[in-house]
Amino acid sequence: MTLQSFLRRLVWVCMAPLLGLALVFMVIHVRETRSAVDHALDDAGAQLKLALDARLELRLRTLAALAQSPLLDGPDFGSQAYAELQAYREALQTHVLLADAGGQMLLNTRVPYGQTLPRLPVPQGRSPVEEAWRTGQPTVGDALMGPVARVPLVPLVAPVMREGRPRATLVATLETRWFQEFLDERLLPAGLGAAILDSAGTSLASRGVVGDGTDEKLWDGGRRVVTSDRAPFTLVLQMEPWAYHLPGLKDLGFLGAAIPLGVLAALLGARRAARQLQRGLASLATGAAAPGGEELFEIGATRMRLETLDREREQYRRELQRLVDEFAQAQEGERRRIALDIHDDLQQRLAAIRLAANFSW
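Summarised in this report is the structure supplied together with it.

The rules behind each value
Residues numbered from 1 in each chain as written. Predicted model: local features only at pLDDT ≥ 70, side-chain atom pairs only at ≥ 80, totals over all residues. Heavy atoms only, no water. Patch = residues over 30% accessible without salt bridge, like charges linked within 9 Å, V, L, I, M, F, W, Y side chains within 5 Å. Areas by Shrake-Rupley, 256 points an atom, 1.4 Å probe, with all protein chains shown as cover. Salt bridge = Lys/Arg side-chain N within 4 Å of Asp/Glu carboxyl O. Helix = DSSP H or I, 4+ residues; strand = E, 2+ residues; numbered from the N terminus. Core = buried A, V, L, I, M, F, W, Y, C linked by side-chain atoms within 4.5 Å. Buried < 20%, exposed > 50% of the residue type's maximum accessible area, 1.4 Å probe, protein only. Contact = heavy atoms within 4.5 Å. Pairing = 2+ DSSP bridges. Axes fitted to C-alpha atoms, helices over the stretch in contact; angles between N-to-C directions. Arc of directions from axis to C-beta. Polar contact = N/O pair within 3.5 Å; in protein donor to acceptor, adjacent residues only side chain to side chain. Phe/Tyr/Trp six-rings, centres within 6.5 Å; stacked < 30°, edge-to-face > 60°.

### A few points about a nonpolar patch on the surface
Here comes step 1: On the surface, L261, L264 and L268 cluster together to form a nonpolar patch covering roughly 300 Å² of accessible area.
Here comes step 2: Looking at the secondary structure, you find L264 in helix α6 (residues 241-286).

### Remarks on the nonpolar core
Here comes step 1: Ranked by size, the top nonpolar core spans 47 residues in total, and within it L52, L170, F179, I196 and F233 carry the most contacts.
Here comes step 2: Top element by residues in this core is helix α1 (residues 3-67). It accounts for 11 residues.
Here comes step 3: Apart from the residues lying within four places of it in its own chain, the contact partners of L52 are W178, F179, F182, I196, F233 and L235.
Here comes step 4: With nine residues, the next largest nonpolar core counts L97, V111, L120 and A132 among its residues.

### Some remarks on the sheet that holds strand β7 (residues 192-197)
Here comes step 1: Sheet architecture is open: four strands sit in the order β8-β7-β10-β9, paired in antiparallel fashion. Two strands bound the open sheet, and with one partner strand each, they are β8 (203-207) and β9 (223-227). Averaged over all adjacent pairs, the angle separating strand axes in this sheet is 15°, with direction ignored.
Here comes step 2: Pairing analysis gives six bridges linking β7 to strand β10 (residues 234-239), with the strands arranged antiparallel. Along β10, the bridge assignment pairs I196 with L235.

### A word on helix α4 (residues 176-185)
Here comes step 1: Listed as buried for α4 are T176, W178, F179, F182 and L183. With its buried residues spanning 155° around the axis, α4 presents them on a single face.

### Considering the pairing of β10
Here comes step 1: A large share of β10 lies buried, amounting to five of its six residues.
Here comes step 2: Across five bridges, β9 lies against β10 in antiparallel orientation. Bridge pairing links V226 to L235 in β10.
Here comes step 3: Turn length for the β9-β10 hairpin, with the two strands adjacent in sequence and antiparallel, is six residues.

### A look at unusual backbone geometry
A negative phi angle is the norm for most residues apart from glycine, just as the trans form is the norm for most peptide bonds.
Here comes step 1: Positive phi, normally seen in glycine, also occurs at Q93, with a value near 55°.
Here comes step 2: Even without a glycine there, the phi angle at R150 is positive, about 60°.
Here comes step 3: You can see R150 is positioned in the loop between β4 (144-145) and β5 (152-162).

### Description of the pattern of salt bridges
Here comes step 1: For the coordinates displayed, the defined rule picks out 20 salt bridges.
Here comes step 2: Between R61 and E57 there is a salt bridge, and its shortest N-O distance comes to 2.8 Å. One end of the pair is R61 and the other is E57, both in helix α1 and four residues apart, which spans about a single turn.
Here comes step 3: Residue class for R61 comes out exposed when judged on its relative accessible area of 59%.
Here comes step 4: The residue R110 makes a salt bridge to E175 at a minimum N-O spacing of 3.3 Å. Placement of the pair is R110 in the loop between β2 (105-108) and α3 (128-135) and E175 in strand β6 (residues 165-175), with a sequence separation of 65 residues.
Here comes step 5: What makes E175 buried here is its relative accessible area of 19%.
Here comes step 6: Through salt bridges that share partners, R110, E175, R177 and E181 make up one connected network.

### Observations concerning the side chain of T173
Here comes step 1: Its location among the elements puts T173 in strand β6.
Here comes step 2: Owing to a relative accessible area of 9%, T173 belongs among the buried residues under this scheme.
Here comes step 3: At a separation of 3.5 Å, a polar atom in the side chain of T173 contacts the side chain of R110.

### Topic: the packing of aromatic side chains
Here comes step 1: All told, the structure shown has four aromatic pairs when counted by the stated rule.
Here comes step 2: Measuring from centroid to centroid gives 5.7 Å for Y82 and Y113, while their planes differ by 45°, and the two rings are tilted. Separated by 31 residues along the polypeptide, Y82 in helix α2 (residues 79-92) and Y113 in the loop between β2 and α3 bring together distant segments of the chain.
Here comes step 3: Relative accessible area serves as the criterion here: at 13%, Y82 is assigned to the buried category.
Here comes step 4: Relative accessible area serves as the criterion here: at 45%, Y113 is assigned to the partly exposed category.
Here comes step 5: Through a chain of ring-to-ring contacts, the aromatic side chains of W178, F179, F182 and F233 assemble into a single cluster.

Structure (structure tokens):
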């Protein structure tokens with residue numbers, strides 16, 4: 001295995017846990033973003049319901065207080081009662097009418113006093129008048145066509161109670177545009193649509209795109225249905241798919257780009273470090289410092305140690321060579337001495353033999 005392959009494998013082994021941790025963090029962060037969007041959607045529905053209930057409650061309480069007025073069935077019934085109803089209308093910008101037990105209108109702030117009035121319209125479904133008479137409490141009905149206004153109206157009904165029994169009906173009417181203005185005044189997140197439906201499913205007001213909820217795949221969790229506590233109304237909030245998924249997609253895109261960039265930066269850094277390490281190791285073989293860049297301390301120290309050992313080795317080699325030369329010189333001198341000794345001894349012996357021969361002659 002080459003050093004480059006070993007370093008590459010080492011880098012991936014070190015980065016694998018961090019990469020896995022980054023992917024886990026990305027999944028958790030995207031889920032938290034989705035949870036934040038769901039929370040914002042729930043909060044928008046709760047705030048919208050509270051605001052609508054508060055406005056209806058104000059009118060119902062005021063209407064219930066008006067129903068206790070003695071002018072509605074006393075001896076002064078007539079213009080003074082009409083003036084009191086007009087005061088209610090001017091205070092809350094809501095027309096009001098008074099009907100007897102048989103459903104005949106007696107007073108209506110939409111028309112001048114004394115003009116002939118029709119009967120209360122009979123609703124197709126639930127009757128708020130019957131419910132108010134049965135419970136003795138003010139209630140809200142479904143949308144119906146007003147016989148005088150000739151526009152869709154939502155009745156707020158309060159029974160005129162006398163001695164514990166209802167004697168007449170007091171009705172405040174809200175045009176559907178009142179609900180539309182209410183929705184238009186709300187600050188809703190981008191891409192969020194809202195609608196107000198009565199118990200019969202009739203749309204009183206809508207804003208943005210609000211489907212019927214049949215295509216669950218299309219809306220995929222971006223729909224909330226909230227029921228009013230003060231009226232038989234349903235508030236439907238529906239976030240368009242692009243708005244519902246956009247925050248998560250943004251985070252996913254950001255993290256999806258940041259993680260590869262981080263991996264790339266780590267690989268480039270590891271590659272640079274590997275090259276520096278390779279140059280440093282190569283410098284151990286050449287004996288010279290690696291060019292370009294700061295040398296690693298450990299490699300520099302090792303190279304210096306190797307250079308020191310190399311110098312010492314050269315000194316030892318020279319010393320050994322000197323000893324070898326001295327030994328060779330000594331050996332050659334000894335050979336010469338021995339040769340001289342042998343030559344001198346041989347000369348002496350030959351001289352002795354020559355002398356001995358001369359004497360024998």
